[in-house]
Amino acid sequence: MKISTRGRYALRFMIDLAQHNNGEYTALKDISARQNISIKYLEQITSLLSKFGLLISVRGPQGGYKLSKAPEKYTAGEILRITEGNLAPVTCLEQAVNTCERRESCPTLKLWEGLYKVANNYLDSVSLEQLVQDANPSCAYDYVI
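Residues numbered from 1 in each chain as written. Predicted model: local features only at pLDDT ≥ 70, side-chain atom pairs only at ≥ 80, totals over all residues. Heavy atoms only, no water.

(A) Quick look at the overall build of the chain. Assigned secondary structure in the chain consists of 6 helices and 2 strands. Secondary structure elements of the chain occur, N-terminal to C-terminal, as α-α-α-β-β-α-α-α. Summarising its shape, the C-alpha atoms of the chain cover approximately 60 × 40 × 25 Å along the three principal directions. Within the chain, buried positions represent 34% of all 145 residues. Once local pairs closer than 6 in sequence are excluded, the contacts in the chain between residues at least 24 apart make up 65%. Surface exposure of the chain reaches about 9400 Å², of which carbon and sulfur atoms provide 51%. Here the chain carries 17 positive and 15 negative side-chain charges, and the mean point of each set is 5 Å from the other. (Helix = DSSP H or I, 4+ residues; strand = E, 2+ residues; numbered from the N terminus. Buried < 20%, exposed > 50% of the residue type's maximum accessible area, 1.4 Å probe, protein only. Contact = heavy atoms within 4.5 Å. Areas by Shrake-Rupley, 256 points an atom, 1.4 Å probe, with all protein chains shown as cover. Lys, Arg positive; Asp, Glu negative; His and termini not counted. Charge placed at Lys NZ, Arg CZ, Asp CG, Glu CD.)

And the structure:
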């Protein structure tokens with residue numbers, strides 16, 4: 001499994017929105033400047049993420065994007081599956097039912113199934129909120145007494 005630029009940028013985009021999650025809409029040009037990603041590329045990503053309900057968008061001068069739910073409700077796996085498609089390490093695992101003619105005698109099938117399971121479990125265990133905290137480790141321990 002190799003994550004494309006689109007998948008990596010989508011994660012960066014979502015982290016940026018979560019970091020600036022103040023209830024207001026964030027302009028694409030602001031995210032573009034902070035992340036050094038072209039607006040054209042971000043438009044493709046936002047179109048896809050909006051289509052699957054991960055974003056709320058508003059047009060106009062006060063418009064922009066914001067998350068449709070709290071950052072802890074998103075997972076890296078969810079975002080990557082939307083932008084990358086299936087994360088299977090081999091093509092025979094891309095469908096719900098493995099129809100490969102060699103599936104009964106394949107000496108490596110268990111290896112690929114295990115890798116696929118571990119990768120999905122890990123990606124689904126990492127929330128957007130965790131990615132935000134990892135991006136700002138000093139904020140994770142910012143206590144006020």
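Now that the structure has been shown, the text picks up again.
(B) Inspection of unusual backbone geometry at higher detail. Positive phi values are uncommon outside glycine, yet Asn-36 reaches one of about 55°. Within the secondary structure layout, Asn-36 lies in the loop between α2 (28–35) and α3 (39–51). When its relative accessible area of 69% is taken as the criterion, Asn-36 is described as exposed.

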